[in-house]
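Tertiary structure, described
Each chain is listed here by its residues.
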Amino acid sequence: MERSNLPADVTGFVGRRVELVAARRLLGVARLVTLTGLGGIGKSRLAVQAAREAAASFPDGVWFVQLHDLDDPDLVANEVCGALGLPGEDAGTPADLLIDHLYGRHALLLLDGVDHVVHPCALLVDTLLRACPRLTVMVTSRQALDVPGEHLLVVPAMPVPDPGEPASAARHESVALFVERAAAVTRFELTDDNRATVADLCAGLDGIPLALELAAVRLRAMSVEQITERLHDRFDLLTGGRRSLPARHMTLRTALGWSHELCGTHERLLWARLSVFGGSFDLDAAEQVCADERLPEWVILEVVSALVDKSIVMRDDAAGGVRYRLLETVRAYGAAWLDRLDGGQTGELRARHLAYYARAARESEAVWSRHGQEKVFVRTFVEHGNLRRALAFCLTAPERADEGMELAATLWCYWIGCGFLAEGRRWLEHLLAVDPTPSPQRGKALWALAQVAFAQGDAEPAESRGKRPLQCVDSYRAWAAGEPARAIELARASLRIHHAFGDLVGVVLAVEMVAVLLTEWPGEEPCLEAAVLQGAATSIWETAGLPQFGSRHANEPRRECARRARTVLGEHRYALALSHGRGLSQGRAVARALDEGHPARPALTRATQLTELVAERST
């Protein structure tokens, strides 16, 4: 009898070095290794290659059993007997025949594609492992067998190029696979001209090997650019696989449909509903957005776990806790099913998704000014994809324009403080254009847009953005126009309003504006008061966040104030005044900055006294 029946390689095996090493390691330490993963992810090819490379470790043979097409679950043992060449006429059950044959043999049994016969396979494998102490079994399935001693190897999608880095494309396994399969179809080559497009295609297909191979076949009739442009319709595009492929792999839709058929009613429903998320999500979000009377909140955890087990949902261990995600191809399949469900569920689920993340954004805004910047950044950054999806929903649903403006404006601290000025401005401008009707939400969006524009160095008049307290922006503009008296008047007006509303960021921005404007008047006294206010602002920023949110443009007045004050006072006296200001409470700092009369005169009396204090401390 032959010692192996592994199928020969017809096309080259590409990549998967990390997974091969992991599989070989597990075969050396475990008696049951199960490769799990999404349909079309390459489990079978990886298992066969791992078995081929490990064959020398199994002197009594490596045996491959194909179970994908088995219709009757009661015939699993018979199918294994047939693959091993055991006669079916012998007395005893097929399981007994297998035990008699495999007992004492140091062999590897590879059961491929057990998805639809998981239960009988699990019983058979458990029986064989208990009876045959030298036997090792490797299984490919979309879910675990859940047998004692089972070791799982989750097969991921192939690595894809990072956005905007096409130069690195050739180093990625997904690109290498696509190029090799494409070359067999059309003599395709990766060039400088098509490198970026190929990188986008591989990333758009999530690095799923089946999808990449189907895309390569499409090159017979289309260019790689045309294929990439049509990825929004990937299930109709990626059809017509080679005739030798199993039926479940002839199209991308049938590959995902196979996984769909293996799911229960609750699992299919949750899969569809999870498609409303963009990027990753946590369990609380899934419960709040997806639960209703058909899918109660208390079953969500169990159903999510089942979808993870079936390789539909990916689990990520993040710093803030466990998160989940769908590959874009899996998400698109779920979205198509959600659209087919009765009752307009897509719009309803998108509205729930919007409400959940709008509430999260309001909570983040509330803690931003209370030593919560790092927490806000971490949470908002990880939810960036969901926030984009919620904002995009508002753009496509005009009746949600106010909610979209509210959300985009509530994220002002994230746009400005975390380096997303251009994106924040784009969302605000697009949402403001949807509905020009005056509303509180529009007013807040206009205010946020002015703050974002100011941080970008755009001091467009506040009047063009609305009547919310934007005097600080106008103050900057008046200062730039050589009108310091009007500028300080506007800065103080802004300060009064922001202080009344408890807007800490607005307060500190206005205090810093008053400080730099004081340096427009001659003499030491205004510069001393400016340095004191700068010190107070520095103390406030320790609560509000990074000074001027790290914006190069918005930080210019702060730098100019420091430069002028140092020039007039000298480094030592400037540092003493700054230190004095840091000791002021917020209320006292606001009171000093708001003292009115001649624009610089409010500071003069205090500054004269401060001059004497500085002189005393200097000596």
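Above: the structure in question.
Described in the following lines is the structure provided in the data block.

What counts and how
Residues numbered from 1 in each chain as written. Predicted model: local features only at pLDDT ≥ 70, side-chain atom pairs only at ≥ 80, totals over all residues. Heavy atoms only, no water. Helix = DSSP H or I, 4+ residues; strand = E, 2+ residues; numbered from the N terminus. Buried < 20%, exposed > 50% of the residue type's maximum accessible area, 1.4 Å probe, protein only. Contact = heavy atoms within 4.5 Å. Areas by Shrake-Rupley, 256 points an atom, 1.4 Å probe, with all protein chains shown as cover. Pairing = 2+ DSSP bridges. Core = buried A, V, L, I, M, F, W, Y, C linked by side-chain atoms within 4.5 Å. Axes fitted to C-alpha atoms, helices over the stretch in contact; angles between N-to-C directions. Parallel < 35°, antiparallel > 145°, perpendicular 65-115°, else oblique. Nonpolar A, V, L, I, M, F, W, Y, C, P; charged D, E, K, R; others polar. Arc of directions from axis to C-beta. Expected span 1.5 Å × (residues − 1). Right-handed = clockwise from strand over helix to strand, strands pointing away. Salt bridge = Lys/Arg side-chain N within 4 Å of Asp/Glu carboxyl O. Phe/Tyr/Trp six-rings, centres within 6.5 Å; stacked < 30°, edge-to-face > 60°. Lys NZ or Arg CZ within 6 Å of the ring centre and 35° of its normal. Polar contact = N/O pair within 3.5 Å; in protein donor to acceptor, adjacent residues only side chain to side chain.

For the protein chain, the count of helices and strands is 30 helices and 8 strands. Burial status across the protein chain gives 53% buried among its 619 residues. The contacts in the protein chain between residues at least 6 apart in sequence include a share of 71% that link residues at least 24 apart. Accessible surface, the protein chain as shown: approximately 27,100 Å² in total, 52% of it carbon and sulfur.

A word on the sheet that holds strand S6 (residues 280-281). Note on sheets: strands pair through backbone hydrogen bonds, and any given pair is parallel or antiparallel. Taken in spatial order, the 3 strands make up an open sheet running S6-S8-S7, and their pairing is antiparallel. Taken across any chain shown, the strands that pair with only one partner, and hence form the sheet edges, are S6 and strand S7 (314-318). In terms of strand pairing, S7 meets strand S8 (residues 321-325) through 5 bridges, oriented antiparallel. Paired with Asp-316 across the bridge in S8 is Arg-323.

Moving on, we come to unusual backbone geometry. Although it is not a glycine, Arg-187 adopts a positive phi angle of roughly 60°. Considering the arrangement of structural elements, one finds Arg-187 in the loop between helix H6 (173-186) and helix H7 (195-204). Residue class for Arg-187 comes out exposed when judged on its relative accessible area of 77%. Residues other than glycine seldom take positive phi values, yet Ser-311 does so here, at roughly 65°. Its place among the elements puts Ser-311 in the loop between helix H14 (297-309) and S7.

For the rest of this paragraph, the subject is the nonpolar core. In terms of nonpolar packing, the biggest core is built from 150 residues, with Phe-178, Leu-270, Leu-274, Phe-277 and Leu-307 touching the most fellow members. The element that contributes the greatest number of residues to this core is helix H25 (residues 504-518), accounting for 13 residues. If we skip the residues at most four places from it in the chain, Phe-277 touches Ala-285, Ala-286, Val-289, Cys-290, Arg-331, His-353, Tyr-357, Asn-386 and Arg-389. Counting residues in each nonpolar core, the second largest holds 33 residues, with Leu-70, Leu-98, Leu-111 and Leu-128 among its members.

In this section: the sheet that holds strand S2 (residues 62-66). Strand order in the open sheet made by the 5 strands is S2-S3-S4-S1-S5, with parallel pairing throughout. Two strands in the sheet have a free side with no partner beyond their single neighbour: S2 and strand S5 (150-154). Averaged over all adjacent pairs, the angle separating strand axes in this sheet is 20°, with direction ignored. Where strand S3 (residues 108-112) meets strand S4 (residues 136-141), 5 bridges bridge the pair, whose relative direction is parallel. For Leu-110, the partnering residue across the bridge sits in S4 and is Met-138. Of the strands in this sheet, strand S1 (32-36), S2, S3 and S4 touch helix H2 (residues 43-54), which is tilted by about 160° from S4. Relative to the sheet, helix H5 (residues 118-131) contacts S1, S3 and S4, its axis offset from that of S4 by approximately 170°.

A word on the packing of helix H12 (residues 265-274) against helix H15 (residues 328-340). The description of two helices packed together rests on the angle between their axes and the distance between the axes. Across the interface, H12 lies against H15 with an axial gap of 7 Å and an inter-helix angle of 105°. In terms of orientation, H12 and H15 fall into the roughly perpendicular class. For the pair formed by H12 and H15, the contact residues are Trp-271, Ala-272 and Arg-273 on the first element and Val-330, Tyr-333, Gly-334, Trp-337 and Leu-338 on the second. Residue composition of the contact of H12 with H15, by class: 6 nonpolar, 1 polar and 1 charged.

Bringing the environment of Thr-265 into the picture now. When you line up the elements, Thr-265 lands in helix H12. Accessibility expressed as a relative area gives 66% for Thr-265, which makes it exposed.

With that settled, the discussion passes to helix H29 (residues 586-594). Here H29 has its buried residues at Ala-589, Val-590, Arg-592 and Ala-593. Along the axis of H29, the buried residues cluster in a sector spanning 160°; they form a single face.

What follows covers H25. Taking 1.5 Å of rise per residue, 15 residues should cover 21 Å, and H25 covers 21 Å from first to last C-alpha, within 8% of that figure. When you tally the buried positions in H25, you get 15 out of 15 residues, the bulk of the element.

Each regular strand carries side chains that alternate between the two faces of the sheet. Most of S4 is tucked away: 6 of the 6 residues are buried. What you see with S4 is no split at all: Thr-136, Met-138 and Thr-140 on one side and Val-137, Val-139 and Ser-141 on the other are buried throughout. For the handedness criterion, the β-α-β arrangement of S3, H5 and S4 is classed as right-handed.

Attention now goes to the pattern of salt bridges. Overall, the coordinates contain 27 salt bridges when judged by the stated rule. Linked through salt bridges whose partners overlap, the residues forming this network are Arg-273, Asp-292, Glu-348 and Arg-352.

Attention now goes to the packing of aromatic side chains. With the rule as written, the count across this model stands at 9 aromatic pairs. Ring centres of Trp-271 and Tyr-333 lie 5.5 Å apart, and the angle between their planes is 35°; this geometry places the pair in the tilted category. Of this pair, Trp-271 sits in helix H12 while Tyr-333 is found in helix H15, placing the two residues 62 residues apart along the sequence. Classification of Trp-271 as buried rests on a relative accessible area of 0%. A cation sits over an aromatic face here: Arg-340 above Trp-337, 5.2 Å from the ring centre.

Okay, the side chain of Asp-292 next. By the secondary structure assignment, Asp-292 is in the loop between helix H13 (283-290) and H14. Accessibility expressed as a relative area gives 18% for Asp-292, which makes it buried. Reaching out from Asp-292, the side chain makes a polar contact with the side chain of Arg-273 at a distance of 2.7 Å. Within the structure, the side chain of Asp-292 is placed 2.9 Å from the backbone nitrogen of Leu-295, a separation counted as a polar contact. Apart from residues lying up to four places away in sequence, Asp-292 is in contact with Arg-273 and Arg-352.

On to the environment of Leu-205, then. Turning to its location among the elements, Leu-205 is positioned in the loop between H7 and helix H8 (209-218). The class of Leu-205 is buried, set by a relative accessible area of 0%. In this structure Leu-205 touches Ala-211, Leu-212, Ala-215, Leu-231, Arg-234, Leu-238 and Thr-329, once residues within four positions along its chain are discounted.

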